[in-house]
Amino acid sequence: MTRDELEHIIRASADVTDQYEFIIVGSQSILGPVPNPPEVFTMSAEADIYPLQAPELADRIDGAIGEGSQFHQTYGYYAQGVGPETAILPRGWIDRVHRVQSAATNQRVGYCLDLTDLFISKAAAGRDKDREFCMAMLSHRYVRPEVVLDLVSAMPLDDAAQRRLKAAIRRWAKAVETLGDDVPRA
């Protein structure tokens, strides 16, 4: 997905829900702070999105412009209507979002996660694809290990889960340092 395609999804989500502001979580949130990232970060065809003031309308997004919809068939990308509970995020994340607003969004607003918040939410999800995405973020130096490690304490996780998350991040950072350009890409 490209930044232009994300802007189209924001515009289309606004048309479907008649809402003004949207939160974008998941991997394509990277397109807010990094409008033209390397290809490794743009392979996904979906953007996870929900209306900020009316998250319950995410089902409308899913139905109208979601996977398998006419929108998806026409453009080759789609929106995944999600909710605020989809991503585990650290305290204060909303204060660090990156605003995507332009003529291409019909002046509607998409808030994309800051890179550190995106990293930590993907790390907390812990799936293989999330690990690969996080390692690519480390490899491309979009985040620094010490910064994301400090952010773990702001995550709504118990002590044991925070320790596991820190251990995983340290392993990934060590692997990136050791492997350099041979790091598996997302």
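The preceding data block contains the structure.
Sequence order as written defines residue numbering, which begins from 1 separately in each chain. Reporting in this predicted model follows two pLDDT cut-offs: at least 70 for local features of residues, and 80 or more for side-chain atom pairs to be given and counted; totals over whole chains, interfaces and linings ignore these cut-offs and use all residues. Only hydrogens and water are set aside when side-chain values are computed; all heavy atoms of the structure are taken into account.

1. So, the side chain of Ser27
For Ser27, the position within the fold is in the loop between β1 (21-25) and β2 (46-51). Separated by 3.1 Å, the side chains of Ser27 and Gln28 make a polar contact. Numbering of helices and strands runs from the N terminus, with a helix taken as a DSSP run of H or I at least four residues long and a strand as a DSSP run of E at least two residues long. For this analysis, a polar contact is any N or O atom pair within 3.5 Å, provided that within protein one partner can donate a hydrogen and the other can accept it, and provided that sequence-adjacent residues contribute only side-chain to side-chain pairs.

2. What to know about the packing of helix α1 (residues 3-17) against helix α2 (residues 58-65)
Axis separation between α1 and α2 bottoms out at 9 Å; the angle between their running directions is 115°. Here α1 lies roughly perpendicular to α2, going by the angle between them. Handedness of the crossing formed by α1 with α2: right-handed. For the pair α1 and α2, contact is made by Ile9, Ala12, Ser13, Val16 and Thr17 and by Arg60, Ile61, Ala64 and Ile65, respectively. Gly is put with the polar residues, along with every residue not named as nonpolar or charged; the nonpolar set is Ala, Val, Leu, Ile, Met, Phe, Trp, Tyr, Cys and Pro, and the charged set is Asp, Glu, Lys and Arg. Its residues assigned to classes, the contact of α1 with α2 comprises six nonpolar, two polar and one charged. Axis angles are defined between N-to-C directions and span 0 to 180 degrees, where every axis is a line fitted to C-alpha atoms and, for a helix, only to the segment in contact. Roughly parallel means an angle under 35 degrees; roughly antiparallel, over 145; roughly perpendicular, 65 to 115; everything else is oblique. Handedness of a crossing is defined here by the sense of rotation of the near helix relative to the far one, left-handed for an anticlockwise turn of less than a right angle and right-handed for a clockwise turn. We call two residues in contact when some of their heavy atoms are within 4.5 Å.

3. Remarks on the environment of Asp130
Turning to its location among the elements, Asp130 is positioned in helix α5 (residues 128-139). Distance from Asp130 to Gly81, taken between C-alpha atoms, is 19 Å for residues 49 residues apart in sequence. Other than its neighbours up to four places away in sequence, Asp130 contacts Lys122 and Ala125. One polar contact links Asp130 to Lys122, side chain to side chain, over a distance of 2.8 Å.

4. As for helix α4 (residues 115-125)
Buried residues dominate α4, accounting for nine of its eleven residues. Using a 1.4 Å probe on the protein chains alone, a residue whose accessible area is under 20% of its type maximum counts as buried, one over 50% counts as exposed, and one in between counts as partly exposed. Those residues of α4 lying buried are Leu115, Thr116, Asp117, Leu118, Phe119, Ile120, Ser121, Lys122 and Ala123. Buried residues belonging to α4 abut α5, α6 (145-151) and α7 (159-179).

5. So, the sheet that holds β1
In this scheme, strands are said to pair when DSSP sees at least two bridges between them. If you trace the five strands from one edge of the open sheet to the other, you get β3-β2-β1-β5-β4, paired in mixed fashion. One side of each edge strand has no neighbouring strand; the edge strands of this open sheet are β3 (78-81) and β4 (98-100). Adjacent strand axes in the sheet meet at a mean angle of 35°, parallel and antiparallel pairs treated alike. Its contacts with the sheet put α2 on β1, β2 and β3, and the angle it makes with β3 is roughly 150°.

6. Quick notes on the pairing of strand β5 (residues 109-112)
With burial as the criterion, each face of β5 is covered, one bearing Val109 and Tyr111 and the other bearing Gly110 and Cys112. Where β1 lies against β5, four bridges are found, and the strand directions are parallel. The residue of β5 that forms the bridge with Glu21 is Val109. Two strands pair when backbone bridges link them, and β4 and β5 are joined in this way by three bridges, in the antiparallel orientation. Bridging across to β5, Val100 finds its partner in Gly110.

7. What about unusual backbone geometry?
In this structure, Asn106 is a non-glycine residue whose phi angle is positive, near 60°. Of note, Asn106 is situated in the loop between β4 and β5. Positive phi outside glycine occurs at Arg141, with the angle close to 60°. Turning to its location among the elements, Arg141 is positioned in the loop between α5 and α6.

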